[in-house]
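Structural overview
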Amino acid sequence: MKTLPYIVFSFLMLCALCTSISSYRRTEHMIAQDVNRALEQVLATMPDNVVTTDTIRCYRNNLTIAELKDTAGIAMRTVRMDGRWETRLVAEANCGFVTTFGMSDQRASGSILFVGMLWLLCSLWYVRRKGPELMSQGISYGGIVFHNDTFMTQRGERIRLTPMQHSLLEMFMTNDKHTLSKQDICERLWPKKPDASDTLYTLIRRIKPIVEANSRLKIESDRGRNYSLRLK
């Protein structure tokens, strides 16, 4: 499967992202627990709902996370409790995303990210190394490689074609001059059809963008009598 390396890379990147977010969320929860516990300890020794300098100093001394000692604070907030509005002291960490992310353990996500990037680099190296090999084994023209009854780009990516498109492109690739007459195409693809002009026109119209998108080639028409696969 030509897309397997990219599927694996995407999966590794998704795992790294999920692991990073999970670690960040755990750190947020740990911070909330620390500031709330510190506030409970302060309120146990200073029951009055009055915030003073001593209250803040005691509150910060009770924090176990060193990074919070300069930012954490206490605020008076109106909260809804049991259907009633009450004024309470609440603990606030006052640390932003960057600080929280820096405190989180990102080693696991970093390791997965490194493996993903290494996988991508190895995959690109493999594809580049395999490209010339495919060209030497099959028929190559203008960026399209025909090998083992399969059309591929020079990067080794499979070109998806309908059976009829595959047959037409095979006729172009195996022809020495890459030029086919309208009569030869119709007799080969639709031997029992008296007049296949409209069918051929439709086939040519649909295969043109596929060829141009995957190679340096284009299909040219000589007054509707001949069709040629030419370099752009």
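Residues numbered from 1 in each chain as written. Predicted model: local features only at pLDDT ≥ 70, side-chain atom pairs only at ≥ 80, totals over all residues. Heavy atoms only, no water.

This part is about the overall build of the chain. Secondary structure assignment for the chain yields seven helices and eight strands. The C-alpha radius of gyration of the chain comes to 34 Å, more than 25% above the 17 Å expected for a compact globule of 232 residues. Dimensions of the chain, computed from the C-alpha atoms along their principal axes, are close to 100 × 40 × 25 Å. Every one of the 232 residues in the chain was classed for burial, and the buried ones make up 32%. Long-range pairs, those at least 24 residues apart, make up 51% of the contacts in the chain between residues at least 6 apart in sequence. Surface accessibility of the chain: about 15,000 Å² in total, with carbon and sulfur atoms responsible for 55%. The centroid of the 32 positive side-chain charges in the chain is displaced by 7 Å from the centroid of its 23 negative side-chain charges. (Helix = DSSP H or I, 4+ residues; strand = E, 2+ residues; numbered from the N terminus. Rg over C-alpha atoms; globule rule 2.2 N^0.38 Å. Buried < 20%, exposed > 50% of the residue type's maximum accessible area, 1.4 Å probe, protein only. Contact = heavy atoms within 4.5 Å. Areas by Shrake-Rupley, 256 points an atom, 1.4 Å probe, with all protein chains shown as cover. Lys, Arg positive; Asp, Glu negative; His and termini not counted. Charge placed at Lys NZ, Arg CZ, Asp CG, Glu CD.)

So, on to the side chain of Gln 165. Structurally, Gln 165 can be placed in helix H5 (residues 163–174). Accessibility expressed as a relative area gives 7% for Gln 165, which makes it buried.

Turning to the packing of H5 against helix H7 (residues 197–214), a few remarks are in order. The contact between H5 and H7 brings their axes to 10 Å, and the two run at 75°. Put simply, H5 runs roughly perpendicular to H7. Touching Met 164, Gln 165, Leu 168 and Leu 169 of H5 are Leu 203, Ile 204, Arg 206, Ile 207, Ile 210 and Val 211, all from H7. Tallied by class, residues from the contact of H5 with H7 come to eight nonpolar, one polar and one charged. (Axes fitted to C-alpha atoms, helices over the stretch in contact; angles between N-to-C directions. Parallel < 35°, antiparallel > 145°, perpendicular 65-115°, else oblique. Nonpolar A, V, L, I, M, F, W, Y, C, P; charged D, E, K, R; others polar.)

Because each turn of an α-helix spans 3.6 residues, side chains separated by three or four positions in sequence point in the same direction. Its 12 residues place the ends of H5 16 Å apart at the C-alpha level, agreeing with the 16 Å of an ideal helix rising 1.5 Å per residue. By the burial criterion, the buried members of H5 are Gln 165, His 166, Leu 168, Leu 169, Met 171, Phe 172 and Met 173. (Expected span 1.5 Å × (residues − 1).)

Looking now at the packing of aromatic side chains. Describing an aromatic ring pair means giving the distance of the ring centres and the angle of the ring planes. Going through the model one piece at a time under the given rule, you end up with three aromatic pairs. Relative to Phe 101, the ring of Phe 97 lies with its centre 5.7 Å away and its plane at 25°, an arrangement referred to as stacked. Residue Phe 97 and its partner Phe 101 are both found in helix H3 (residues 97–103); the two are separated by four residues, about one turn of the helix. On the accessibility criterion, Phe 101 (35% relative accessible area) is partly exposed. Through successive ring pairs, a cluster of aromatic residues spans Tyr 24, Phe 97 and Phe 101. (Phe/Tyr/Trp six-rings, centres within 6.5 Å; stacked < 30°, edge-to-face > 60°.)

Spatially, the three strands line up as an open sheet ordered S3-S4-S5, and their pairing is antiparallel. Of all strands in the sheet, those bounded by a partner on one side alone are strand S3 (139–141) and strand S5 (150–153). Averaged over neighbouring strand pairs, the angle between their axes works out to 20° when direction is ignored. Taken together, the four bridges between strand S4 (residues 144–147) and S5 define a ladder with antiparallel strand orientation. Pairing of His 147 across the sheet is with Thr 150, part of S5. Sitting on the sheet, H5 touches S3, S4 and S5, and the angle it makes with S4 is about 100°. (Pairing = 2+ DSSP bridges.)

What follows is about the pattern of salt bridges. Enumeration over the complete set of coordinates arrives at five salt bridges. Of the charged contacts, one joins Glu 28 and Arg 25 as a salt bridge, the two residues approaching to 3.0 Å between their closest N and O atoms. Here Glu 28 pairs with Arg 25, and both are found in helix H1 (residues 4–45), just three residues apart, close to one helical turn. For Glu 28, a relative accessible area of 32% puts it in the partly exposed group. (Salt bridge = Lys/Arg side-chain N within 4 Å of Asp/Glu carboxyl O.)

So, about the side chain of His 178. Counting through the fold element by element, His 178 comes out in the loop between H5 and strand S6 (179–181). Under the relative-accessibility criterion, His 178 is labelled buried at 12%. The contacts of His 178, once residues within four sequence positions are left out, are Tyr 141, Phe 172, Met 173, Tyr 227, Ser 228 and Leu 229.

The first and last C-alpha atoms of H7 sit 26 Å apart over 18 residues, in line with the 26 Å expected at 1.5 Å per residue. The sharpest bend along H7 measures roughly 30° and falls at Ile 207, with the proline Pro 209 sitting one to four residues further on. Of the surrounding elements, those touching the buried residues of H7 are S4, H5, helix H6 (182–189), strand S7 (217–222) and strand S8 (226–231). (Bend = angle between axes of the 7 residues up to and from the residue.)

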